[in-house]
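# Analysis of the macromolecular model
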2 protein chains.
Amino acid sequence: MLREDVTDAIRGAVFEELASVGFARMSIEGIARRAGVGKTAVYRRWKSKLHLVLDLVAAVASQGMPAPATGSLYGDVRAVLELAAYALRHPVASQVIPDLLVEAARNPEISDAIKAALLDQQQGVAAVVVRAAVERGELPEGSDPDRALDLIVGPLYWRLAVVRGALPKGYLDDLAASAVRALKG
Amino acid sequence: MLREDVTDAIRGAVFEELASVGFARMSIEGIARRAGVGKTAVYRRWKSKLHLVLDLVAAVASQGMPAPATGSLYGDVRAVLELAAYALRHPVASQVIPDLLVEAARNPEISDAIKAALLDQQQGVAAVVVRAAVERGELPEGSDPDRALDLIVGPLYWRLAVVRGALPKGYLDDLAASAVRALKG
DNA sequence: TAACGACGGAACGGTTGCGTTGCGACGTAC
DNA sequence: GTACGTCGCAACGCAACCGTTCCGTCGTTA
């Protein structure tokens, strides 16, 4: 039986290594070193660093992402932004997520995994939020959830993950209001 | 005298190599191979792959980015989106830009260079556009250019560079209208 | 025509990571 | 108490790339 504490140590090391050097530079030797573990222990569990990362991403995907139901479009949008901002301000996640998203452009397997773990989740949330808003009469029939996602998450991702700028107090409120304004019409 | 055609061949190879494998995996051997050039020719010009890329990015930065002046906020926003979409749909640029942006999170020198070549340029354009709109009375006094940039470029970058989805006909028009709606208020 | 310098190419020793193998130590199951 | 499997560790041969050096070729300049 494989020891679970060793498995956990490796998983943790992968996260840290992914955050500090990125997928491209990450090596199994480095992971084992950081985990305080022999290379053997890693290869006994995964075939390559790709499988390691795919496994990790799949674990994240399986958690699922809850769709907000605050009763108003603004409230729902604000909740989505809160969750996204929390993730993108996390020191590890804010390095890992953009890194894997870029890597996904070159590797179809990573692309599929990330898609399932992040994008599909978010698109699902967006679909729920938009549908609720349509039923409430806040948005017109036939509103496009993908466009909604662009308008809601795009500006935040741009600021936090691309420009890597600060997030002034009240900015999420403003962004939510702006997104709602953009969506209606 | 260094031969200019060789220099150009190397520069071109760097772009292609950057697009196909990314900065992290890029090697000087690979660049020389792709350029059909000896390693010597590369080292005679640049100290490392970092200097190579910094030089390239600086060249882009020096070109400058023109600020639109269409006479309306919608027109200006639409023009900015057109330019951004053109770059982000270019097969090479759409790989290189996100790659370097992610690399910038780990390397201060790349960060500075990218900032000067892309972000500062865009922020300058945003500042001009916002000021013009304020003078026209389309936007309230004290509107934040950075927030404007988030709302204008964010959704497009999200769709083209992150999700890597298609760009439906008329989407840029819609995005421009949405951004204007978001900005006013 | 002679001198110079950049050229491509090949080789250098050194480093890093690959994926594999063999080792003795430890813990658990039977 | 014996057998088994995982453990960390060290070493293996192999490959890629590092940055440097030397070579013979070629084009330009004087």
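These lines cover the structure that appears in this document, whether it is placed above or below. On a predicted model such as this, the values are computed, not experimentally measured, just so you know. (Residues numbered from 1 in each chain as written. Chains lettered and ligands numbered in written order. Predicted model: local features only at pLDDT ≥ 70, side-chain atom pairs only at ≥ 80, totals over all residues. Heavy atoms only, no water.)

### Structural notes on the protein's contact with DNA strand C
Around DNA strand C, the surrounding shell holds 18 residues, and the nearest of these are Lys 39 and Tyr 43 of chain A together with Val 37, Arg 44 and Arg 45 of chain B. Backbone atoms, meaning sugar and phosphate, make up 67% of the atoms of DNA strand C lying within 4 Å of the protein. Glu 29 of chain A is positioned with one of its backbone polar atoms (N or O) 3.0 Å from a phosphate oxygen of DNA strand C. Within the side chain of Arg 44 of chain B, a nitrogen or oxygen atom sits 2.3 Å from a phosphate oxygen of DNA strand C. At the level of secondary structure, the elements contributing two or more residues to the surface near DNA strand C comprise α2 (28–35) and α3 (39–43) of chain A together with α3 (39–43) of chain B. Within the surface near DNA strand C, the residues separate by chemical class into seven nonpolar, five polar and six charged. (Near = heavy atom within 4 Å. Polar contact = N/O pair within 3.5 Å; in protein donor to acceptor, adjacent residues only side chain to side chain. Helix = DSSP H or I, 4+ residues; strand = E, 2+ residues; numbered from the N terminus. Nonpolar A, V, L, I, M, F, W, Y, C, P; charged D, E, K, R; others polar.)

### As for the protein's contact with DNA strand D
Close to DNA strand D lie 19 residues; Thr 40, Arg 44 and Arg 45 of chain A together with Lys 39 and Tyr 43 of chain B are nearest. Taken together, the sugar and phosphate atoms account for 64% of what DNA strand D places within 4 Å of the protein. Here a phosphate oxygen of DNA strand D sits 3.4 Å away from a polar atom, N or O, in the main chain of Gly 38 of chain A. Within the contact set of DNA strand D, a phosphate oxygen lies 3.0 Å away from a backbone nitrogen or oxygen of Ile 28 of chain B. Secondary structure elements with two or more residues in the surface near DNA strand D: α3 of chain A together with α2 (28–35) and α3 of chain B. Class assignment for the residues of the surface near DNA strand D results in seven nonpolar, five polar and seven charged.

### Overview of the relation of the copies chain A and chain B
Overlaying chain A with chain B gives an RMSD of 0.0 Å, the required rotation being 180 degrees about an axis along which the chain moves by 0.0 Å. Both chain copies can therefore be described as sitting about a two-fold axis. Taken together, the interface assignments show that 98% of the residues at the interface of chain A recur at the interface of chain B, consistent with an identical surface on both copies. (Least-squares fit on C-alpha atoms with pLDDT ≥ 70 in both. Contact = heavy atoms within 4.5 Å.)

### Some details on the packing of helix α9 (residues 171–183) of chain A against helix α9 (residues 171–183) of chain B
As a packed pair, α9 of chain A and α9 of chain B sit with axes 7 Å apart at the nearest point and diverge in direction by 135 degrees. Our classification of the angle between α9 of chain A and α9 of chain B gives oblique. Pair α9 of chain A / α9 of chain B crosses with right-handed handedness. Note on element contacts: α9 of chain B touches α9 of chain A through Ser 178, Arg 181 and Ala 182 of chain B, opposite Ser 178, Arg 181 and Ala 182 of chain A. Broken down by class, the residue content of the contact of α9 of chain A with α9 of chain B amounts to two nonpolar, two polar and two charged. (Axes fitted to C-alpha atoms, helices over the stretch in contact; angles between N-to-C directions. Parallel < 35°, antiparallel > 145°, perpendicular 65-115°, else oblique. Left-handed = near helix turned anticlockwise from the far one by under 90°.)

Distances and angles like these do not, on their own, reveal function.
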